2 protein chains.
Amino acid sequence: MEKCRIIFSGSGGQGIITSAIILAEAATLHESLNAVQSQAYGPEARGGSSRSDVIISDKEIRYPKVIEPNILVCLTQAAYNEFASLIRPGGILLTDKFFVKHEKKVDARLVELDMHREVLKEIGRPIVFNICMLGAFIAITKLVKESSIMKVLEKRIPHGFLDMNKNALELGITMAPDLEL
Amino acid sequence: MEKCRIIFSGSGGQGIITSAIILAEAATLHESLNAVQSQAYGPEARGGSSRSDVIISDKEIRYPKVIEPNILVCLTQAAYNEFASLIRPGGILLTDKFFVKHEKKVDARLVELDMHREVLKEIGRPIVFNICMLGAFIAITKLVKESSIMKVLEKRIPHGFLDMNKNALELGITMAPDLEL
């Protein structure tokens, strides 16, 4: 496999870091891949945009920071404005339709999904927005299997909330287009 | 300030990653410092030891991985066995007395605290062991203020659990020796 460099970005309360950790754990604990997951906090963290990096590879990962992501997820306009220019030419840019307007010229395959609104409509709890995004993410990228994400969720999520998270994950999976990679 | 490189290590369920994220957020959101926080998952993650790195500095941080920590926290014997040799000469090694026996010759200042047992005795809920450790950590290192950690906890922890976390933080602070740094 090619090394995959990912940035999840958005605002503080959207569960960006949690998504990144769940993805990294799914890849390493359940698919025999290597992963590095990191957050850099600088002056911009105090401003608002939150960013979390994941690198996944079947080989050893030497440098843990993502410079040019193959896949960039932006869940707020501020995050899009700040990070869209980083994307590796030909990469995938996944955004939420409710939060982000595409205003820049970006050399990437755009996937714009109405995840926030669908989560509110179908599940009614915005807290699982990040899990819906993760569902769309794995369906688009085919990086890890749904069952690997579920195994991580089963270990992390209190029993009473597991079904809600599973529904959000599946909602994201059904929303994702089938890109040829 | 000198750049401070930290490794928290232990086993999966001990809240290692959460502690690292709380520390990084406290430093950046409430003390105007910069921080990078990361997890590397490789074959060893499947074995058992969990490790989370934090670098804190008042300057820009270029390389996000910790090679030689100034401060190493080990909460299991396996983590101690794996990581103790990494410590920067003269650094601080904080361990839990119940989980870790010092068996190696390490050029570091050893701080061995009975955090696990005290948390069980005083609070009765092992889930806040990581917060007690964080209390001891900030009291020993003086890296961030208690109030900065509390601000992060207030945002992250559901209201009904905040007092328990505050008590655990303060328990850790009272247990810490006053090292001359």
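Given the structure is predicted, the values throughout are model-derived calculations rather than measurements.

Conventions and cut-offs
Residues numbered from 1 in each chain as written. Chains lettered and ligands numbered in written order. Predicted model: local features only at pLDDT ≥ 70, side-chain atom pairs only at ≥ 80, totals over all residues. Helix = DSSP H or I, 4+ residues; strand = E, 2+ residues; numbered from the N terminus. Buried ≥ 20, exposed ≤ 12 C-beta atoms within 10 Å, placed from the backbone. Core = buried A, V, L, I, M, F, W, Y, C linked by C-beta atoms within 7 Å. Contact = placed C-beta atoms within 7 Å. Least-squares fit on C-alpha atoms with pLDDT ≥ 70 in both. Nonpolar A, V, L, I, M, F, W, Y, C, P; charged D, E, K, R; others polar. Pairing = 2+ DSSP bridges.

## Brief notes about unusual backbone geometry
All names here are of chain A.
- Despite not being glycine, lysine 142 shows a phi value in the positive range, around 55°.
- Positionally, lysine 142 belongs in the loop between helix H5 (129-141) and helix H6 (146-156).
- The exposed category is assigned to lysine 142, around which 10 C-beta atoms lie within 10 Å.

## Points about the nonpolar core
- Judged by nonpolar contacts, the single largest core of 113 residues is most densely connected at Val73(A), Cys132(A), Val73(B) and Cys132(B).
- At ten residues, H5(A) tops the list of elements feeding residues into this core.
- With residues up to four places along the chain from it excluded, the contact list for Val73(B) reads Ile7(B), Phe8(B), Ser9(B), Leu94(B), Met133(B) and Phe137(B).

## Points about the relation of the copies chain A and chain B
- In screw terms, the move from chain A to chain B is a rotation of 180° and a rise of 0.0 Å along the axis, fitting with an RMSD of 0.0 Å. Taken together, the rotation angle and the small translation identify this as a two-fold axis. Minimal C-alpha separation from the rotation axis in chain A is found for Ser38(A), amounting to 2.0 Å.

## Topic: the interface of chain A and chain B
- Facing the 19 residues of chain A at the interface are 19 residues of chain B.
- Breaking the side of chain A that touches chain B down by element, the ones donating at least two residues are helix H1 (16-31), strand S2 (34-41) and helix H2 (43-47) of chain A.
- The residue makeup of the side of chain A that touches chain B, split by class, is ten nonpolar, six polar and three charged.
- For S2(A) and strand S2 (residues 34-41) of chain B, the ladder comprises seven bridges, and the chain directions are antiparallel. For Ala40(A), the partnering residue across the bridge sits in S2(B) and is Val36(B).

Nothing here speaks to function; it is all geometry.
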